[in-house]
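Architecture and fold: a report
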Amino acid sequence: MDLEELKRIQQECAKKVVQKDDFQEIRTVGGIDLTFQDIRNNPTKAWASLVVIDINTLKPIYEDVVEGIVDFPYIPTFLAFRELPLMLSLHQRAKKKPDVYFIDGQGVAHPRGCGIASHFGVITQSVSVGVAKTKLFGYYKEPSTKRGSWSYLTYRGNILGAVLRTRDDTEPIYVSVGHRISLKTAIELVLKTSIYRIPEPTRLAHNLLQKVRKKLS
DNA sequence: GCGACAG
DNA sequence: ATCTTGTCGC
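Quick caveat, the model's predicted, so the values are computed rather than measured. (Residues numbered from 1 in each chain as written. Chains lettered and ligands numbered in written order. Predicted model: local features only at pLDDT ≥ 70, side-chain atom pairs only at ≥ 80, totals over all residues. Heavy atoms only, no water.)

Next up on the list: the packing of aromatic side chains. Taken as a whole and assessed by the stated rule, the structure comprises seven aromatic pairs. Consider the rings of Phe72 and Phe81, whose centres lie 6.1 Å apart with planes at 45 degrees: the pair is tilted. Phe81 carries the same exposure label as Phe72, and that label is buried. Relative to Phe120, the ring of Tyr101 has its centre 4.8 Å away and its plane inclined at 75 degrees; by these criteria the two rings are edge-to-face. In this pair, Tyr101 is assigned in strand E4 (residues 100–104) and Phe120 in helix H3 (residues 116–124), connecting sequence segments 19 residues apart. By relative accessible area, Tyr101 is classed as buried at 0%. By relative accessible area, which is 0% here, Phe120 ends up buried. Three or more aromatic residues link up through ring pairs in this structure, and these residues are Phe72, Phe78 and Phe81. One cation-aromatic arrangement involves Arg82 over Phe36; the distance from NZ or CZ to the ring centre is 4.2 Å. Its guanidinium or amino end placed over the ring of Tyr139, Lys135 lies 5.7 Å from that ring's centre, counting from NZ or CZ. (Phe/Tyr/Trp six-rings, centres within 6.5 Å; stacked < 30°, edge-to-face > 60°. Buried < 20%, exposed > 50% of the residue type's maximum accessible area, 1.4 Å probe, protein only. Helix = DSSP H or I, 4+ residues; strand = E, 2+ residues; numbered from the N terminus. Lys NZ or Arg CZ within 6 Å of the ring centre and 35° of its normal.)

Given below as structure tokens:
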């Protein structure tokens, strides 16, 4: 694998990212997650799940799981090349696509402006948001401990995303624009779909994988 | 050179 | 990310 070539791919992807609202309305939100049979080995068997929820009830209306072999190691800033393939098959299989996707990881809050959430959005031409549990890139000041409070994630004067508290007295999450959405709307959407720390689409997709994993491993 | 480093 | 029982908190 040639990381320099992959960097160029990410730089090209970054140019295509649209950081403004470019959609009609949002009724459904899909969350995607992956789990691996043996995280230490490469290649290894893996499963990816997609759970689509209704924006008003926050209840699932569609679920799907795909199994496959992942054959690219985890290298910080190159996560997409490891996890995108299975995510793309979930998107292709879905009869009814969600209006927006929440992707585990960063969107534009990435050294080259194209984290996995943006990469997914650009390739599928869908609306996407990066929702990460930890930071990859950038600086920020801690938001207050109250649910809904947030602060900008920045780098050299540029706004990359937001560090958002989705629950009182709980660790914040890192939200960034994936594709075809503004940061403001992304923050509102994540907050609206969050009951616990992790927004419902992502949390349910993760829960679904835990069940499937036990049964199929 | 050193530290940081999504999942 | 993964391996895991009991345990703490709302």
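A word on the UniProt feature "site: Interaction with target DNA" (unreviewed entry) in chain A. Mapped onto this structure's residue numbering, the UniProt feature "site: Interaction with target DNA" (unreviewed entry) falls at Tyr74. Relative to the helices and strands, Tyr74 resides in the loop between strand E3 (60–70) and helix H2 (80–93). Contact partners of Tyr74, with chain neighbours within four places excluded, come to Leu79 and Arg82. (UniProt positions renumbered as here; feature names shortened; annotations may be inferred. Contact = heavy atoms within 4.5 Å.)

If you check the shell around DNA strand B, you find 17 residues, and the closest are Tyr74, Gln106, Ile116, Lys133 and Thr134. Counting only the atoms of DNA strand B that lie within 4 Å of the protein, the sugar and phosphate share comes to 44%. Between DNA strand B and Leu79 there is a distance of 3.4 Å, counted from a base nitrogen to a backbone nitrogen or oxygen. Separating a base nitrogen of DNA strand B from a backbone N or O atom of Gln106 is a distance of 2.9 Å. In the surface near DNA strand B, the residues fall into eight nonpolar, six polar and three charged. (Near = heavy atom within 4 Å. Polar contact = N/O pair within 3.5 Å; in protein donor to acceptor, adjacent residues only side chain to side chain. Nonpolar A, V, L, I, M, F, W, Y, C, P; charged D, E, K, R; others polar.)

So, on to the state of the cysteines. Summed over the entire model, instances satisfying the criterion amount to one disulfide. In this model Cys13 forms its disulfide with Cys114; the gap between the sulfur atoms is 2.1 Å. Residues Cys13 and Cys114 are joined by a disulfide whose S-S torsion is about 60 degrees; by sign, that bridge is right-handed. Of the two residues, Cys13 sits in helix H1 (residues 3–16) while Cys114 sits in the loop between E4 and H3, which places them 101 residues apart along the sequence. (Disulfide = S-S within 2.5 Å.)

This brings us to the layout of surface pockets. Approximately 640 Å³ is the volume found for the largest pocket. Together, 30 residues line the largest pocket, and Tyr74, Leu79, Glu83, Asp104 and Gly105 are the ones closest to its centre. Elements represented by at least two residues in the lining of the largest pocket include exactly strand E1 (28–36), H2 and strand E5 (128–132). In the lining of the largest pocket, the residues fall into 15 nonpolar, nine polar and six charged. (1 Å grid on protein atoms, 1.4 Å probe; cavity = no way out; pocket = protein on both sides within 12 Å on 5 of 7 lines; lining within 4 Å. Points joined across faces, edges and corners; volume = space filled by probe spheres on them.)

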